[in-house]
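Read off the chains here:
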Amino acid sequence: MSNKEITYERNLTGSYMIISAPACTDMDEKLMLHRKLPGLLPVEKAYVDGSGQYWYNISGKQSLDCYCRVREIGMEFIERMIISICNEMETLEWNLIQAKCLVLEPELVFITSQNREFIFTIYPENDGCAEKSFQQLMEYLLTKVDHKDAEAVRASYGIYEKTLEEGFSISEIRDCIFRAKNKVLSQNTAVTAETGKMPPWSAASEKVLDLPAEQEPTAVMEKDKRESGENATEKIMTDRAAVLEWVKKQIHEKFTAFGLMKPKGKGGKKEKKKTANAVTPVCPEEEMYVPPQPVIRPTVCLAMCQSRPLGILTYQGNGVMADIHLEAGISRIGYGDSVEIQIEKETVSQLHARIEKEGESYYIEDLNSTNGTYVNDEPLVYKERRKLNSNDIVCFADVRYRFG
């Protein structure tokens, strides 16, 4: 299968992966075309210039090789993939399709953008066996697993060593994963049964929350009741006057320390000295009015403008959208939480596109989004990498920007 040429095309109905079909047809092809099985790419057969082609609908899906370029994978991802592969092989056997038709090359294994579900490609007359393809797939994943996660690295290498054993089966590896999960689940259940409910608040924690008798709410309320009466208003006004006097004193000391006011003296008024750098005293009750200064901006000649782009996508629509500043080396764009640049629009996919900076140039690539990415109204096909030039119009679905 690896020697087959793969092309991609996008039209109004979606995004497609095209692979040439074998000359002779067999039962696997008939079953593949007539039975829409879960977990498999929808496929149709077309004839172009007398030769057959399989058109796989890959709209809204990421191939495994592209997924590993934009995300880090861990052990949970590998476990789900192995379980999905075994389930799909059993589905094929139940529908009388040979398991060897399941293709496990990274370019032909897909992940949905919506719920991270694995979707596989089947190809009639696929050369090789499923176990050998799985071993090569694990070799590929060993280079893509997050090496900061020591547990994931150790477990993935353990799975790869299993594939080197003679006569191994993928279902045995899946069973090992299930046994490990059940063991962890039973341990957690035993700990919960032993400890029981959450422990109550300790006496020390309750003591921290205790208030002195004079600060308890009931004591405060009684104190307020005692002070309420004919002299309450007079007392409040006296306290307020004292506070204002203290505030004025503090302001005067601060301004005197910074040289904005002269200290109070016992003698008469002194004559003010005028200097070139004299600072006008500021009264604390009255701020000095500073008239606004006009902004003087020199006009830049067009010949002096730099030809290289600044890495800014300026929004061109009628809505309220912020401009995009491409500051990182690689910027993933979408409405999901795992992207660097979020566009909150229902027509934009969770992982829509990516823009990569190389030197002074920027390159855009569509990540097989549902509604597509366009440069100057031309759709980008899957895995096409195009250089952006100044004043290019870039559209993520129906959200329009100008690159500059």
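Residues numbered from 1 in each chain as written. Predicted model: local features only at pLDDT ≥ 70, side-chain atom pairs only at ≥ 80, totals over all residues. Heavy atoms only, no water.

**Quick notes on helix 1 (residues 27-34)**
Okay, so step 1: Burial in helix 1 covers these residues: Asp28, Glu29, Leu31, Met32 and Leu33.
Okay, so step 2: Buried residues in helix 1 make contact with strand 3 (43-48), strand 4 (51-57) and strand 9 (121-122). (Buried < 20%, exposed > 50% of the residue type's maximum accessible area, 1.4 Å probe, protein only. Helix = DSSP H or I, 4+ residues; strand = E, 2+ residues; numbered from the N terminus. Contact = heavy atoms within 4.5 Å.)

**Points about the packing of helix 3 (residues 75-94) against helix 5 (residues 150-163)**
Okay, so step 1: Between helix 3 and helix 5, whose axes approach to 9 Å, the crossing angle comes to 30°. When the axes of helix 3 and helix 5 are compared, the pair comes out roughly parallel. Contacts from Met75, Ile78 and Ile82 in helix 3 reach Ala152, Ala155, Ser156 and Ile159 in helix 5.
Okay, so step 2: Within the contact of helix 3 with helix 5, the residues separate by chemical class into 6 nonpolar, 1 polar and no charged. (Axes fitted to C-alpha atoms, helices over the stretch in contact; angles between N-to-C directions. Parallel < 35°, antiparallel > 145°, perpendicular 65-115°, else oblique. Nonpolar A, V, L, I, M, F, W, Y, C, P; charged D, E, K, R; others polar.)

**Some remarks on the packing of helix 3 against helix 4 (residues 130-142)**
Okay, so step 1: Packing of helix 3 against helix 4 leaves a shortest axis separation of 13 Å and a crossing angle of 165°. Considered as vectors, helix 3 and helix 4 are oriented roughly antiparallel to each other. In this structure, helix 3 crosses over helix 4, and the sense of that crossing is right-handed. The segment helix 3 lies against helix 4, with Ile78, Met81, Ile82, Ile85 and Met89 engaging Ala130, Phe134, Leu137, Met138 and Leu141.
Okay, so step 2: For the contact of helix 3 with helix 4, the residue count by class is 10 nonpolar, no polar and no charged. (Left-handed = near helix turned anticlockwise from the far one by under 90°.)

**A short note on the pattern of salt bridges**
Where charged atoms from two side chains of opposite charge approach closely, those side chains can pair.
Okay, so step 1: Using the criterion set out here, one finds 19 salt bridges in the structure.
Okay, so step 2: Here Glu76 ties to Arg80 by a salt bridge, and the two come within 2.9 Å at their closest N and O atoms. With Glu76 and Arg80 both in helix 3, this residue pair falls 4 residues apart, about one helical turn.
Okay, so step 3: The class for Arg80 is partly exposed, based on a relative accessible area of 27%.
Okay, so step 4: Glu384 serves as the salt-bridge partner of Arg386, at 2.9 Å between the closest nitrogen and oxygen.
Okay, so step 5: Among the charged side chains, a salt-bridge network with shared partners connects Arg69, Arg354, Glu356, Glu358, Glu365 and Arg385. (Salt bridge = Lys/Arg side-chain N within 4 Å of Asp/Glu carboxyl O.)

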